[in-house]
Amino acid sequence: DMPLTSSFSCDNDVINKIHQACINSIQTNCHNLMTDCPHREQNFWTGDAAASAEAITISFNAYNMLSEWAEHFKDSQLDDGQVPCIVPPFSRAWEYLFATGPDWDSAIIHLPYYAYKYSGKREIVDTLWENMNRLLKYFESRTESRILDFGLGDWACFSKDEEMHKDMCPIEISDTCFYRIDALMMAEMAEATGRDAAPYLALADEIKAEFRNKFIIDGKLNSDIDTAISISLFAGMYEKSEEQAEADRLAKNITDNDKRLFCGIHGARTIFDMLTKFGYTQLAVDVVTNDKYPGYAASVKAGLDTLPESFRFATKYRPDGFLSLNHHFFSHICAWFLKTLAGIKINGFGFEDVVIEPVFVEGINELTAEAHGIKVSYNSKTVKVTSPYPFTFKQGGKEIPCESGEYSFERKI
């Protein structure tokens, strides 16, 4: 009972197949709650859901499912604020000893945040508010500064020589970034629900200061790993004057790697958004459609119609050969298709601030998409928008405020 509320198609068949693989993996992993894979572990892993949270909520009416899961999070959280890596835990012991960390535990914040964003229903936030605060207190108890370093990190990351986690983003970088992302999400939800956002903004500032003291030297992160750069940009760890140079470094790294990704779930969650934010959407599309192994396009070229557990889906890492060929935790790319290529953006929560701003790229001339009743289509001459909500249409630096209804705009880019 998680109705599909989105669609996407364009004149690039590789992108269409990748989008459908995302939808297939999300749907086939929704067994009451979100499992990791429907055939092997079949567990409700928190980190997997956090990585897919926006993809799930922009593509489906997932509010009821996530509201039910919220009750399990309440029941499973320990008194000190720790969240197990599987909710609900099947043994009530092992799940508190393995894989818990800021990235996995943050599902208790990310799921209600995106559920609220794409529904406008705040009840799930109210249900988990005290629990989300307890998680932040738990993080505070794990560090004398604001730097955190425990858990799994950028899971499913393979190096160029196929060794798992060899060149992974340092966990203390991704952990501390998640800590700040959580604080900023809490501030945003607090302001939207009439609570005091100031403590969360102050926490975010403290985390940023400690992070910069340890990891950023002369405006540059002390790691050259793609995920480390992208998640630091995503978490706002740089000053504005530093961001573009670091985004340029990320783009150069990816280009130098033959436009392939060597990252895990945190990289896949943040790299495409950050490439777009800093002017590299064309590069992001080139990466997505690059059929050199490993990658999204290589998987659909090989015949997969679900998402594999790793971009290196044919690795011999496991003794039995292949990794899972149906995991949903790389599915954020389908949210990126809707937000960037179709340009359907929801600022804040609900649909009070809808922006339509398609990014036009080489290789895609025609597109049709929908998310929660907002429809966008374009060809080489015209952009058509139908929205049940007021929206702002942006193109070429100009903004056109529109009431709900059907519109046709001349495509100028």
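Look up a bit, the structure's there.
A short tour of the structure in this document, coming up.

Parameters and conventions
Residues numbered from 1 in each chain as written. Predicted model: local features only at pLDDT ≥ 70, side-chain atom pairs only at ≥ 80, totals over all residues. Heavy atoms only, no water. Helix = DSSP H or I, 4+ residues; strand = E, 2+ residues; numbered from the N terminus. Buried < 20%, exposed > 50% of the residue type's maximum accessible area, 1.4 Å probe, protein only. Pairing = 2+ DSSP bridges. Axes fitted to C-alpha atoms, helices over the stretch in contact; angles between N-to-C directions. Left-handed = near helix turned anticlockwise from the far one by under 90°. Contact = heavy atoms within 4.5 Å. Nonpolar A, V, L, I, M, F, W, Y, C, P; charged D, E, K, R; others polar. Phe/Tyr/Trp six-rings, centres within 6.5 Å; stacked < 30°, edge-to-face > 60°. Lys NZ or Arg CZ within 6 Å of the ring centre and 35° of its normal.

**Considering the environment of alanine 314**
By secondary structure assignment, the location of alanine 314 is in the loop between α13 (296-301) and α14 (332-341). With relative accessibility at 31%, the residue alanine 314 sits in the partly exposed group. Taking the C-alpha atoms as reference points, alanine 314 and alanine 302, twelve residues apart in sequence, are found 9.9 Å from one another.

**Things to note about the sheet that holds strand β7 (residues 353-356)**
Strand order in the open sheet formed by four strands is β6-β7-β11-β12, with mixed pairing between adjacent strands. Where the open sheet ends on each side, the last strands, each with one partner, are β6 (344-347) and β12 (398-402). With direction set aside, neighbouring strand axes in the sheet form an average angle of 25°.

**Description of the packing of helix α12 (residues 281-289) against α14**
At their nearest, the axes of α12 and α14 sit 13 Å apart, and the two run at 145° to each other. Note that α12 runs across α14; the crossing there is left-handed. Facing Thr281, Ala284, Val285 and Val288 of α12, the residues of α14 in contact are Ile333, Trp336, Phe337, Thr340 and Leu341. The residue inventory of the contact of α12 with α14, partitioned by class, reads seven nonpolar, two polar and no charged.

**Section: the packing of helix α9 (residues 226-234) against helix α11 (residues 265-277)**
Where α9 contacts α11, the axes come no closer than 8 Å and their chain directions differ by 60°. Regarding α9 and α11, the two cross each other, and that crossing is left-handed. On the side of α9, the interface is formed by Asp226, Thr227, Ser230, Ile231, Leu233 and Phe234, while α11 contributes His266, Gly267, Arg269, Thr270, Ile271, Asp273 and Met274.

**Comments concerning the pairing of strand β11 (residues 391-395)**
When you tally the buried positions in β11, you get four out of five residues, the bulk of the element. Alignment of β7 against β11, held across three bridges, turns out to be parallel. Counterpart to valine 354 in the pairing with β11 is phenylalanine 391. Two strands pair when backbone bridges link them, and β11 and β12 are joined in this way by five bridges, in the antiparallel orientation. Each bridged residue has a counterpart across the sheet, and for glutamine 395 the counterpart in β12 is lysine 398. Where β11 folds back onto β12 in an antiparallel hairpin, the turn is made up of two residues, including glycine 396, whose phi is positive at roughly 60°.

**A short note on helix α5 (residues 107-117)**
Across the eleven residues of α5, eleven count as buried, placing the element largely inside the fold. Among the residues of α5, those classed as buried are Ala107, Ile108, Ile109, His110, Leu111, Pro112, Tyr113, Tyr114, Ala115, Tyr116 and Lys117.

**Observations concerning the packing of aromatic side chains**
On inspection of all chains with the given rule, the structure shows 26 aromatic pairs. Considering the side-chain rings of tyrosine 116 and phenylalanine 349, the 4.2 Å spacing of their centres and the 10° angle between planes classify their relative orientation as stacked. Here tyrosine 116 is found in helix α5, whereas its partner phenylalanine 349 is found in the loop between β6 and β7, with 233 residues between them in sequence. Accessibility expressed as a relative area gives 7% for tyrosine 116, which makes it buried. For the ring pair tyrosine 407 and phenylalanine 409, a centre distance of 6.0 Å and an interplane angle of 10° mean the geometry is stacked. Since its relative accessible area comes to 10%, phenylalanine 409 is described here as buried. One aromatic cluster in this structure is built from Phe8, Phe272, Tyr296, Phe311, Phe329, Phe330, Trp336 and Phe337. The ring of phenylalanine 150 has arginine 142 sitting right over it, with the charged end atom 3.8 Å from the ring centre. The ring of phenylalanine 360 has arginine 411 lying over it, and the distance from NZ or CZ to the ring centre is 3.9 Å.

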